[in-house]
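Observations on the model geometry
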Amino acid sequence: MPTPVSSIRNLGPAYEASCTRAGINSAEELRALGPDETYSRLLATGSTPHFIGYYVLVMGLQGRPWNDCKGKEKQELRKRFDAIKAANAEALTKTKGRSQLEAALDAIGVIEKM
């Protein structure tokens, strides 16, 4: 039986729901993908980019409290976060101004591109 995403430290029901929308249905799958690919998938399925949401994920996968991220480590994570956002710029533009439902319908080809 798969382990819920919310079993990972720092990740609650809302994060789990975002992962489900992105097709990530277990903690095992999330761990296998790693934080960068997971966050890319979240952005591609309509999640709003937020640096804290990214480093909460990174810290949780390391078994660390979310507020343990400081100094140089936090600066390095910011660079990774910015790179993930840049790599997903097209998806972020595509979903801007649309509800999550509209973004999901667009992702599966149900509605026309804006």
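So, here's what we can say about the structure.

Examining the pattern of salt bridges
One pass over the full model with this rule turns up six salt bridges. Glu76 serves as the salt-bridge partner of Lys79, at 3.4 Å between the closest nitrogen and oxygen. In this pair, Lys79 and Glu76 are both assigned in helix H4 (residues 71–87), three residues apart and thus about one turn of the helix distant. For Arg78, the salt bridge is made with Asp82, and the minimal N-O distance between the two is 3.7 Å. On the criterion of helical spacing, the pair formed by Arg78 and Asp82 is a turn pair, its members being four residues apart in helix H4. What makes Arg78 partly exposed here is its relative accessible area of 35%. Via salt bridges that share partners, Arg64, Asp68 and Glu73 belong to a single interconnected network.

What to know about the nonpolar core
Counting 23 residues, the largest nonpolar core has Leu11, Tyr15, Cys19, Leu30, Tyr39, Tyr54 and Leu77 as the members making the most contacts within it. When contributions to this core are tallied by element, the ones reaching two or more residues are helix H1 (13–21), helix H2 (27–44), helix H3 (51–61) and H4. Sorting elements by how many residues they give to this core places H3 first, with seven residues. Excluding residues that lie within four positions of it along the chain, Tyr39 makes contacts with Tyr15, Thr48, Pro49, His50, Gly53, Tyr54, Leu57, Phe81 and Ile84.

Here's the deal with the packing of H3 against H4
In the contact formed by H3 and H4, the axes pass within 10 Å of each other and the chain directions differ by 115°. Of the two elements, H3 crosses H4, and the hand of that crossing is right-handed. Contact with H3, carried on its side by Phe51, Tyr54, Tyr55, Val58 and Met59, involves Glu73, Lys74, Leu77, Arg78, Arg80, Phe81 and Ile84 of H4 and no other residues of that element. Partitioning the contact of H3 with H4 into residue classes produces eight nonpolar, no polar and four charged.

Quick notes on the rules
Residues numbered from 1 in each chain as written. Predicted model: local features only at pLDDT ≥ 70, side-chain atom pairs only at ≥ 80, totals over all residues. Heavy atoms only, no water. Salt bridge = Lys/Arg side-chain N within 4 Å of Asp/Glu carboxyl O. Helix = DSSP H or I, 4+ residues; strand = E, 2+ residues; numbered from the N terminus. Buried < 20%, exposed > 50% of the residue type's maximum accessible area, 1.4 Å probe, protein only. Core = buried A, V, L, I, M, F, W, Y, C linked by side-chain atoms within 4.5 Å. Contact = heavy atoms within 4.5 Å. Axes fitted to C-alpha atoms, helices over the stretch in contact; angles between N-to-C directions. Left-handed = near helix turned anticlockwise from the far one by under 90°. Nonpolar A, V, L, I, M, F, W, Y, C, P; charged D, E, K, R; others polar.

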